[in-house]
Amino acid sequence: MSDTPVDEAIPASAGDIASMVLNTIQHPVIMVDAAGLVCFANWEAEAFFAASATHLARHTLDTFIPFGSPLLELIEQVRTRRAAVNEYRVDLSSPRLGNDKLVDLYVAPVAGVPDNVVVFFQERSMADKIDRQLTHRAAARSVTGLASMLAHEIKNPLSGIRGAAQLLEMTVGEEDRSLARLIRDETDRIVSLVDRMEIFSDERPVDRTPVNIHSVLDRVKALAKAGFGRNIRFVELYDPSLPAVYANRDQLVQVFLNLVKNAAEAVGDNPDGEIVLTTAYRPGIKLSVAGSRDKVSLPLEFCVQDNGPGVPADLLPHLFDPFVTTKTNGSGLGLALVAKIVGGHGGIVECDSQARKTTFRILMPASPDGRPIEPTSDKNSAPLGEKD
């Protein structure tokens, strides 16, 4: 009979520990043996190849990747040289793996196991989105300087022009008063645009507290249903266990009100118009916070999705740049402001669009205490699902 206490944990083997570590990595990792079989795949690799580790182990790697892929040549190169190699922006897109499968590859030999090779995949889609996010922030900083200049150099002379137009309106004949009113109205429109741009010049630190994102979305939905979104169906897919987001509540309302208004305008008068609001927990990405050297995790994902016609492909990369808009009378500052606010919180905003499915996705940091949010109503405490 063993003397080992029944409640004492049995130490894990080195192999078990290695598997646990590799399964924790938020990137696909596989090991290919001498015969080309995928003898190991972590959980992310199973998702990447849309196949279980058992299924992968019964087939050679060339079964799952495009014909003639440079990955196979890299593996042979590593086996021959017995040295690791990197290759960037390798396209693995295929009907099996899906579109937009651009990856960076790290391929290395396995010490002590001849001809076995480990392949580490870094998907470029998220890296490219972060690069675009940094570009959006640079564009917002350009608008900050422009806004400060406009406030000082343009608003003062505009007030003189408006005053002169008012005087003219009182002295000229009836046939010329419409022209004086036109000058006054257009001057007011320019001042309003400058006022909107001045928001970009506010560089004060963001006052942040733990915020219940569901209460923010409920308020935005109520505002929308009372006005521009009264004829649109709203669907809410909320994760009730989500931690509080570390943010400024008023600024979050402004962000989601802009996004929901854009979605409503995209849907238009379509009787089947629908806006889907979702919240979810997606760990794995970190980004620097403005004004800090620390990096924070961005595990909270909030999405606004509509079934409108979609964003033109040529406009999509520049969607968050200032003065870019598809609206006839739009200023192109709404989404630039969204990018500025989200960036000021250390978060990321991105857009994926196709016909009848445009999704604006925001990744944000959780509250430092990590406590779940308190539901504001019974519906937010319900299991994840559809709510009207």
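Check the entry above for the structure.
What comes next is a walk through the structure.

**So, helix H8 (residues 213-225)**
Taking 1.5 Å per residue as the helical rise, H8 with its 13 residues ought to reach 18 Å, and the 18 Å between its terminal C-alpha atoms agrees with that figure. Where H8 is concerned, the buried positions are Ile213, His214, Ser215, Val216, Leu217, Asp218, Val220, Lys221 and Ala224. Among the structural elements, strand S6 (209-211), strand S7 (233-237), strand S8 (245-247), helix H9 (249-267), strand S9 (274-281) and strand S12 (300-306) are those in contact with the buried residues of H8. For H8, the N-terminal capping position is held by Asn212, with its side-chain oxygen 2.9 Å away from the main-chain nitrogen of His214.

**Focus on the sheet that holds S12**
Read from one edge of the open sheet, five strands run S7-S9-S12-S14-S13, paired in mixed fashion. Edge strands, defined here as strands with exactly one partner in the open sheet, are S7 and strand S13 (348-354). Sheet twist, expressed as the mean angle between neighbouring strand axes with direction ignored, is 15°. Note: S12 against strand S14 (residues 357-364), seven bridges, orientation antiparallel. Looking at S14, one finds that Leu300 is bridged to Met364. Strands in contact with H9 are S7, S9, S12 and S14; relative to S12, the strand with the most contacts, it is inclined by about 25°. In the packing of helix H10 (residues 334-344) onto the sheet, the strands contacted are S13 and S14, and the crossing angle to S13 comes to about 140°.

**Topic: the nonpolar core**
Core analysis: the biggest nonpolar cluster contains 40 residues, and Ile213, Val245, Leu252, Phe256, Leu259 and Ile275 have the highest contact counts within it. For this core, the secondary structure elements donating two or more residues are H8, S8, H9, S9, S12, H10, S13 and S14. When residues in this core are grouped by element, the largest group, nine residues, is from H9. Other than its neighbours up to four places away in sequence, Val245 contacts Thr209, Pro210, Val211, Ile213, Leu252, Leu300, Phe302, Met364, Pro365, Ala366 and Ser367.

**Concerning unusual backbone geometry**
A negative phi angle is the norm for most residues apart from glycine, just as the trans form is the norm for most peptide bonds. Phi angles above zero are rare outside glycine, and Ala50 is one such case at about 55°. Summarising the element assignment, Ala50 is placed in the loop between helix H2 (43-49) and helix H3 (53-57). Assessed through its relative accessible area of 62%, Ala50 is described here as exposed. Its identity as a non-glycine residue notwithstanding, Arg82 has a phi of 55°, on the positive side. Structurally, Arg82 can be placed in the loop between helix H4 (70-81) and strand S3 (85-91). For Arg82, a relative accessible area of 60% puts it in the exposed group.

**Here's the deal with the pairing of strand S1 (residues 29-32)**
Note on strand geometry: in a regular strand, side chains alternate between the two faces of the sheet. Pairing geometry for S1 and strand S5 (residues 117-123), over four bridges, is antiparallel. Pairing of Val32 across the sheet is with Val117, part of S5. Note: S1 against strand S2 (residues 38-41), three bridges, orientation antiparallel. Bridging from a neighbouring strand, Val32 pairs with Val38 of S2. Between the end of S1 and the start of S2, which pair antiparallel, lie five residues, with Gly36 showing a positive phi angle near 90°.

**Section: the packing of aromatic side chains**
On inspection of all chains with the given rule, the structure shows five aromatic pairs. Seen from their ring centres, Phe48 and Phe49 are 5.1 Å apart, and the 80° between their planes marks the pair as edge-to-face. As far as the burial class goes, Phe48 and Phe49 line up, both buried. In this structure an aromatic cluster arises from ring pairing among Phe48, Phe49, Phe64 and Phe121.

**Here we look at the sheet that holds S2**
Read from one edge of the open sheet, five strands run S2-S1-S5-S4-S3, paired in antiparallel fashion. The sheet is open, and its two edges are formed by S2 and S3, each paired on a single side. Neighbouring strand axes in the sheet, compared pairwise and without regard to direction, differ in orientation by 25° on average. Alignment of S3 against strand S4 (residues 102-109), held across five bridges, turns out to be antiparallel. Each residue of the ladder has a partner; that of Asp91, found in S4, is Leu102. Along the sheet, H4 contacts S1, S3, S4 and S5; its crossing angle with S4, the most-contacted strand, is approximately 20°.

Thresholds applied
- Residues numbered from 1 in each chain as written.
- Predicted model: local features only at pLDDT ≥ 70, side-chain atom pairs only at ≥ 80, totals over all residues.
- Heavy atoms only, no water.
- Helix = DSSP H or I, 4+ residues; strand = E, 2+ residues; numbered from the N terminus.
- Expected span 1.5 Å × (residues − 1).
- Buried < 20%, exposed > 50% of the residue type's maximum accessible area, 1.4 Å probe, protein only.
- Contact = heavy atoms within 4.5 Å.
- Polar contact = N/O pair within 3.5 Å; in protein donor to acceptor, adjacent residues only side chain to side chain.
- Pairing = 2+ DSSP bridges.
- Axes fitted to C-alpha atoms, helices over the stretch in contact; angles between N-to-C directions.
- Core = buried A, V, L, I, M, F, W, Y, C linked by side-chain atoms within 4.5 Å.
- Phe/Tyr/Trp six-rings, centres within 6.5 Å; stacked < 30°, edge-to-face > 60°.

Any link to function would need more than the numbers given here.
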